[in-house]
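# Overview (structure and organization)
Chain by chain, the residues:
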Amino acid sequence: MNPVNYLYLAALLFAIGATGVLIRRNAIVVFMCIELMLNACNLAFVAFSRMHGNLDGQIIAFFTMVVAAAEVVVGLAIIVSLFRSRHSASVDDASLMKL
Amino acid sequence: MTQLAAYTTSTGEAVQFWVLGTVAVIGALCTILMKKAVHSALCLAGTMIVLAVFYLANGAYFLGIVQIVVYTGAIMMLFLFVVMLVGVTAADSLKETIKGQRWLALLCGLGFAVLLFAGIGNASVTQFNGLGKANAGGNVEGLAALIFTKYVFAFEITGALLITATVGAMVLTHRERTERAKTQRERSEERVRAGKHLPPLPAPGVYARHNAVDIAGLLPDGTPSELTVNKTLRERGQIRDVSTEALDDLRALEQRSADRLERPDLRGTDIGRTEEASK
Amino acid sequence: MENLIALLVAAPLLGAAVLLCGGRALDRAGHWLGTLLAAASFVIAVVLFTDMLGKGAEERTLSQHLFSWIPVEGFQADVAFQLDQLSMTFVLLISGVGTLIHVYSIGYMEHDERRRRFFGYLNLFLAAMLLLVLADNYLLLYVGWEGVGLASYLLIGFWQHKPSAATAAKKAFLVNRVGDVGLSIAIMLMFTTFGTFAFGPVLEATGQTSEGKLTAIGLMLLLAACGKSAQVPLQSWLGDAMEGPTPVSALIHAATMVTAGVYLIVRSGAIFNGAPDAQLVVTIVGAVTLLFGAIVGCAKDDIKKALAGSTMSQIGYMILAAGLGPIGYVFAIMHLVTHGFFKAGLFLGAGSVMHGMNDEVDMRKYGGLRKYMPVTFVTFGLGYLAIIGFPGLSGFFSKDKIIEAAFAKGGTEGWLLGSVALLGAAITAYYMTRVMIMTFFGDKRWQPDADGHAPHPHESPKSMTIPMIVLAFGSVFAGGFFSIGDRFMHWLEPVTRHDHGNSPLSAATVTGATMVVLVIGVALAYVQYGRRPVPVTAPRGSLLTRAARRDLLQDDFNHVVLVRGGEHLTRSLVYVDHSLVDGVVNGTAASMGGLSGRLRKLQNGYARSYAVSMFGGAAVLIAATLLMRAV
């Protein structure tokens, strides 16, 4: 098998995640889709790492995980406070900027 | 095994890829298609575990373990906490409200997939070095050497980022009380002034059969009153309707008794239960 | 000696400052102070004059540099005075007549509670007028020019409680403003052409300047002169200016300020000499005004307005003479001086008559006054004889010379101008005789005024009669004194130069012709007004008479052409503004609004919609990158 297939898989997962971000209204699910996209990227990094024969790709994936963790913490806090003030986790309800 | 994964792709790995890759894609699709957030979260966790296996297969042992322990174990659990907080039973309506959004989203997703595929296909990835040399001194040691030398500043900055994120989360979720809490006396006076509900709100639960807090209490005329249920549950739409439950129970009982009556040969052994049920 | 020049201006200026700022405390002594300072100015002028007489003709010019006014590189404006023979003539006339009129005003304004203010304004006028004639550059002259305009405005509107006076003041101010614009443009042109506006350098440099530029400057100076001297087409304010107190009419609107235009043209003689076209326009303006004023003067029943028409006409003579170039400059100034005497005298006489007749100005309600106010009658009569050019009196000498000079211009132009001047002389004789007969001869046609007080004519007090007597002396002897031995010509020649021209007619012929038209004019007036009684209410009269009563429709012309025209212009501009300019602006705004209204729909407030655009944009960027790499 050609290891490039890992990259194709990563691309597919990324596209699925992106579509999910666009079609789902529940902020938590949208967030999960973003995590899915990040994981797809990580997979690509790991595959690249193996291809190039050095560990830099893994390091980047590691940092991505750390940043994702930080992002999840803040993002979920935002969702919680949003839910508190609006009693809803729908991203469409937070549309005060429209006319 | 370590050496093997580093520079070749064995048949075993190919099989593993096709099987688990299918599982991962199905998990991802389920993540975005499931109605309930909790199901999405579980599917995503499955996909992540599959990805962890792929990391291991690609020689990223440390990352594979971290993926399982930190990502799937900690972050996804955090998601589940929030899902519980927001309301685990609440199901999203899958009906699209923004005109053309779904088609545009599909178009974007497909376009992205096609573009990435085209990009990967066009890239000259003929060379395949394998991680054998890099992982020679052990994967964790190799990573550590890089993190604490070449990437030490990035590492420190991510530390700062994590601290900032923690503080940010606290700031966002912390609610400062800006005014004095009202005393019981003031609240009762307010109630009298508003003139809507002079007495305290009625208690939930139909004591004859249920005493759960998510069941609306019955008014004297027999109709359930939503007022009796906790405000949070009301807002989440988690009031359990038991108005038909009694009838359903009765129907089930009748069904069962009918079954029994059609099989008189068993009556002797189950006399006690029948009596109990007919009560 | 030079240091005295500034005092000429300073004395009345000080008077104006003290009187206008002093407040009521000066009410009792203010008029004496004002008169004293005017007299001081006259005394200084006489001292300077005697000093000047003691020098040779070419060394008589004095100059005094006071201070640098606007010392900018390339733009030097100084406050500096120049006193030459021309200025000296004016200074003597202004301060002399001015002092007499101050004295006259003491009596005339006796019962006016704002007399102190009146004297303040008179002093202000004297200061400004002296500054005008003493300035050694056009910019400082402009200051004086505006100063006399201001004083004229203040004095015409002195009885501001009368709406007619207030309106007349505004009218005078506005019409003068048109002329002032001409002067300011002329000064700017001078600065761009010569790089300076001091008299000396400018007038010396005219030889090296193109005729076109000189013509432009000349025409602008003429516009200024027209405004200040009430020449056609800016003549309409002078008649209304008679709303002011009579001493003001005598001093400002007869003897001095209105002659500033003549001064300006004569002073700028070098410019006009280099621009024959501008000179021609000057003569035309003078000739037209000469007839215009005379015709208006014939029809007016208001004694002051009849005299105002006469003033306009006489200044027309002066402008005409000034337009003739070196042939006429001297005579223009000579007529100006003699006119200053007899016209001031006539106005003071008119004021005296009004003083005795309950401020009645309608000559049809006078009649037979010679017995009641003999001094006024005699002085007025001498002024009358002087203005019509009775042989031996002032006007005879000065006007005769102008008519001669007009013929001496030569060619068709000379004949035309000479004939107009002769015709003017006949009309002058006619309307002045009319004024004389209607006022002092015939039956008494007095009528009680609006309050029912019957007039009881009486002679005016000494303070009023003495100035009249002095001016009458001037009217009688000035012309002869100036002309015998060509004294005046030799006096002014170093400044203005003189050219005899070549007249097709001998001096005796011209004088004879003048005498003939004089007699015809007087006889016509006698037949019309002396032989039969004058009706108290004016008869309807011919079309020309009715037009002349309305100042030959000058105001109607201004109203139709300027006011209506301006209104139409403004209205059409407003229309253009509303339809075109606003249309473009509003159209742009509306189209932007419409476009924004459509674009706004993209901003539906849903984060997911924005996310779609973001992903779409990212996809396009990636596609573009890949394509670029593929190419």
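Counting of residues starts from 1 at the beginning of each chain's written sequence and follows it residue by residue. All chains are assigned letters beginning at A, and all ligands numbers beginning at 1, according to the order in which they are written. Since the coordinates come from a predicted model, pLDDT governs what is reported: local features require at least 70, and pairs of side-chain atoms require 80 or more to be given and counted, while whole-chain, interface and lining totals use all residues. Processing note: side-chain calculations cover all non-hydrogen atoms of the structure and skip hydrogens and water entirely.

What counts here: UniProt positions are given in the numbering used here, feature names are shortened, and annotations may be inferred rather than shown by experiment.
Per an unreviewed UniProt entry, chain A goes by the name NADH-quinone oxidoreductase subunit K and belongs to Streptomyces alboniger. Checking UniProt for chain A, the heading Catalytic activity (unreviewed entry) contains the comment "a quinone + NADH + 5 H(+)(in) = a quinol + NAD(+) + 4 H(+)(out)". Quoted verbatim from the Sequence similarities (unreviewed entry) field of UniProt, the annotation for chain A is "Belongs to the complex I subunit 4L family."

### Points about unusual backbone geometry
Residues and elements named next belong to chain C. Put simply, the test is: Each helix is a run of DSSP H or I of at least 4 residues and each strand a run of E of at least 2, with the numbering of both proceeding from the N terminus.
Cis geometry is adopted by the peptide bond preceding P233, which originates at V232 and carries an omega value of 10 degrees. Following the sequence through the fold, P233 ends up in the loop between α8 (211–229) and α9 (236–240). Positive phi, close to 55 degrees, is recorded for N358, a residue that is not glycine. Mapped onto the elements, N358 comes out in the loop between α15 (329–356) and α16 (374–388).

### Regarding the packing of α15 of chain C against helix α19 (residues 462–483) of chain C
All names here are of chain C. Rules: Axes, fitted as lines to C-alpha atoms, cover a helix only where it is in contact. Angles between the N-to-C directions of the axes lie from 0 to 180 degrees. Angles below 35 degrees are treated as roughly parallel, those above 145 as roughly antiparallel, those between 65 and 115 as roughly perpendicular, and all remaining angles as oblique. For any helix crossing, the convention is left-handed if the near helix is rotated counterclockwise from the far helix by under a right angle, and right-handed if that rotation is clockwise. The contact definition used throughout considers only heavy atoms, calling two residues in contact when any of these lie within 4.5 Å. Each residue is assigned to one of three groups, with Ala, Val, Leu, Ile, Met, Phe, Trp, Tyr, Cys and Pro labelled nonpolar, Asp, Glu, Lys and Arg labelled charged, and all others, Gly among them, labelled polar.
Packing of α15 against α19 brings their axes to within 9 Å, and their N-to-C directions diverge by 155 degrees. Overall, the two elements α15 and α19 adopt an arrangement that is roughly antiparallel. Remark: the crossing between α15 and α19 carries left-handed chirality. Residue-level inspection shows M334, V337, T338, F341, F342, A344, G345, L348, G349, S352 and H355 of α15 in contact with α19, the latter providing M464, P467, M468, L471, G474, S475, A478, G479, F482 and S483. By residue class, the composition of the contact of α15 with α19 is 12 nonpolar, nine polar and no charged.

### Side note on the UniProt feature "transmembrane region" (unreviewed entry) in chain A
All names here are of chain A. The feature "transmembrane region" (unreviewed entry), as annotated in UniProt, sits at residues 6–23, 28–48 and 60–83 in this numbering. As annotated, residues 6–23 comprises 100% helix and 0% strand, and the C-alpha atoms at either end are separated by 26 Å. Helix makes up 100% of residues 28–48 and strand makes up 0%, while its end C-alpha atoms are separated by 30 Å.

### So, the interface of chain C and chain B
What counts here: A quick way to say it: buried area is the sum, across both parts, of accessible area lost when two parts are put together, with a 1.4 Å probe. By definition, a salt bridge exists where a carboxyl oxygen of Asp or Glu is found within 4 Å of a side-chain nitrogen of Lys or Arg.
Counting residues at the interface gives 12 residues for chain C, matched by nine residues for chain B. Regarding the contact of chain C and chain B, the summed buried area is about 920 Å², with carbon and sulfur atoms giving 76% of it. Three residues, R608, V612 and L626 of chain C, lead the burial of chain C against chain B; their summed loss comes to 49% of the area buried on that side. On inspection of chain C and its partner chain B, the count reaches zero salt bridges. A class-by-class count of the residues in the side of chain C that touches chain B yields eight nonpolar, three polar and one charged.

### Observations concerning the packing of aromatic side chains
Going by this rule: For this analysis, a ring pair means two rings from Phe, Tyr or Trp (six-membered ring only for Trp) whose centres lie within 6.5 Å, classed as stacked if their planes differ by under 30 degrees, edge-to-face if by over 60, and tilted for the remaining angles. Residue exposure (1.4 Å probe, protein chains only): buried if accessible area is under 20% of the type maximum, exposed if over 50%, otherwise partly exposed. Sitting over a ring, as applied to charges here, requires NZ of Lys or CZ of Arg to be within 6 Å of the ring centre and within 35 degrees of the ring normal.
Evaluated as defined, the whole model comprises 32 aromatic pairs over all chains. Relative to W18 of chain B, the ring of F17 of chain B lies with its centre 5.1 Å away and its plane at 80 degrees, an arrangement referred to as edge-to-face. Relative accessible area serves as the criterion here: at 52%, W18 of chain B is assigned to the exposed category. Note on F377 of chain C and F441 of chain C: the rings are 5.7 Å apart at their centroids and 80 degrees apart in plane angle, and the pair reads as edge-to-face. Taken as a pair, F377 of chain C in helix α16 and F441 of chain C in the loop between α18 (411–440) and α19 lie far apart in primary sequence, 64 residues in all. Owing to a relative accessible area of 22%, F377 of chain C belongs among the partly exposed residues under this scheme. The class for F441 of chain C is partly exposed, based on a relative accessible area of 31%. One aromatic cluster in this structure is built from Y6 of chain A together with F17, W18 and F54 of chain B. A cation sits over an aromatic face here: R177 of chain C above F173 of chain C, 4.9 Å from the ring centre.

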